[in-house]
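# Observations on chain architecture
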Amino acid sequence: PATLSSSVPGNAVQLEQEQQGRVVMRERYLRSLSAMAGHPVRFTMYEKVNVTALFEASDIDILNFHVSELQTPLGVQRDALLRCSDIISYTFEL
Amino acid sequence: TAGRSAQPPTDKPGERRMAEMKKLYGVGAAKIQAMETTMQLNFDKNCDKKQPKYWPVIPLKL
Amino acid sequence: MTEWQRKTPLEWQKYVTKEVNVTAAEKHDYKGWVLTVDPVSANIVLVTFLEDGKVSVLVVLGHAVQEVGIVKEADDEMREKLALLFMPGESQSHGQ
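Position labels on residues start from 1 in each chain and follow its written sequence. For this description, chains carry letters from A and ligands carry numbers from 1, given in the order in which they are written. At least 70 in pLDDT is required for a residue's local features to be given in this predicted model, at least 80 for side-chain atom pairs to be given and counted, and no such filter applies to totals for whole chains, interfaces and linings, which use all residues. To obtain the side-chain values, all non-hydrogen atoms of the structure were included, while hydrogens and water were left out.

## Considerations on the pairing of strand 3 (residues 64–72) of chain A
Residue and element names in this part refer to chain A. This is how the line gets drawn: When a residue's accessible area, from a 1.4 Å probe over protein chains only, is under 20% of the maximum for its type it is buried; when over 50% it is exposed; and in between it is partly exposed. In this text, helices come from DSSP runs of H or I with a minimum length of four residues, and strands from runs of E with a minimum of two, each type numbered from the N-terminal end. Strand pairing requires that DSSP identify at least two bridges connecting the strands.
Across the nine residues of strand 3, seven count as buried, placing the element largely inside the fold. The antiparallel pairing of strand 2 (residues 49–58) with strand 3 creates a hairpin that spans five residues between the two strands, and isoleucine 62 there sits at a positive phi of about 55 degrees. Both strand 3 and strand 4 (residues 75–83) contribute to a ladder of eight bridges, which runs antiparallel. The residue of strand 4 that forms the bridge with histidine 66 is leucine 81. Remark: two residues form the turn of the hairpin made by strand 3 and strand 4, two consecutive strands paired antiparallel.

## Brief notes about helix 1 (residues 13–25) of chain B
Counted only if it meets this: A helix is expected to span 1.5 Å multiplied by its residue count minus one. Arc, as used here, means the arc of the directions from the helix axis to the C-beta atoms. Should any heavy atoms of two residues lie within 4.5 Å, those residues are counted as being in contact.
Across its 13 residues, helix 1 of chain B extends 18 Å between first and last C-alpha, which sits within 8% of the 18 Å expected from 1.5 Å per residue. Met21, Leu24 and Tyr25 of chain B are the residues of helix 1 of chain B that are buried. Here the buried residues of helix 1 of chain B occupy an arc of 75 degrees about the axis, which is enough to place them on one side. For helix 1 of chain B, exposure combined with an orientation more than 90 degrees from the buried face picks out Glu15, Arg16 and Lys23 of chain B. Packing partners of the buried residues in helix 1 of chain B comprise helix 1 (12–36) of chain A together with helix 2 (29–50) of chain B. Directly after helix 1 of chain B, the chain includes glycine 26 of chain B, whose backbone phi takes a positive value near 55 degrees.

## With respect to the interface of chain C and chain A
By a frequent convention, interface size equals the accessible area lost on bringing the separate parts together. Here is the rule: By buried area we mean how much accessible surface two parts lose on assembly, using a 1.4 Å probe and totalling the loss over both. For salt bridges, the criterion is a side-chain nitrogen of Lys or Arg within 4 Å of an Asp or Glu carboxyl oxygen. The definition of a polar contact used here is a pair of N or O atoms within 3.5 Å, where within protein one atom must be able to donate a hydrogen and the other to accept one, and adjacent residues in sequence count solely through side-chain atom pairs.
With 40 residues of chain C at the contact, the number on the chain A side is 38 residues. Both sides of the chain C and chain A interface together cover about 3300 Å² of buried area, and 63% of this is carbon and sulfur. Run the count over chain C and chain A and you get one salt bridge. Linking aspartate 38 of chain C and arginine 26 of chain A is a salt bridge whose minimum nitrogen-to-oxygen distance equals 2.9 Å. Seen at the junction of chain C and chain A, the total is 14 residue pairs in polar contact (both at pLDDT 80 or more).

Rendered as structure tokens:
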């Protein structure tokens, strides 16, 4: 992924801390995506567009979400891809 | 494959990716890569089967 | 890229397990406990524990984050709750 930012660690200890931090943060994020699968999710998008859908899957670069039963203003779309660049936030309950 | 000594050897994409993962995630690289591989396979399989179309058709944010 | 997206993992980590206010694009405001910041997308996962025992999860996309302010630190109980969220079988052995 091109969006990964990285500091220039001054020493090996800092490098290791940074790597461990990345592992914990990435693992938690990936697990949150797994937990979301099959749940209704509310998406707040740009231009005041709000939609709900069932979350299915994401690519690993977090660029596209595959959703189903997308409730659009013009009806239900059985399967759809949402561009993550269109989304401001998303929320679900467990 | 003889006679290619003038060219630098090209990396295998898998190896280059693992090297990149190692740099980012250190000793946890294998674990993260395993999780990501599962997730990407699932996404690709889903898309092959369901053929989802982008919504909205035109991006909201350019 | 925004300022938030340009932060390093060590900088993002300072927000993890803190209660924060997030100001996002188009004047959206969110509040919750930071479970994590995805180091790939800079997405922030905010968690709120509801009274009925449910958990509300709200994720602000990294590109839409404008400002993040820390409200307070987690106590031990909150830290534990956050650490266990989404983790498989807390009583089982480590690993997969």
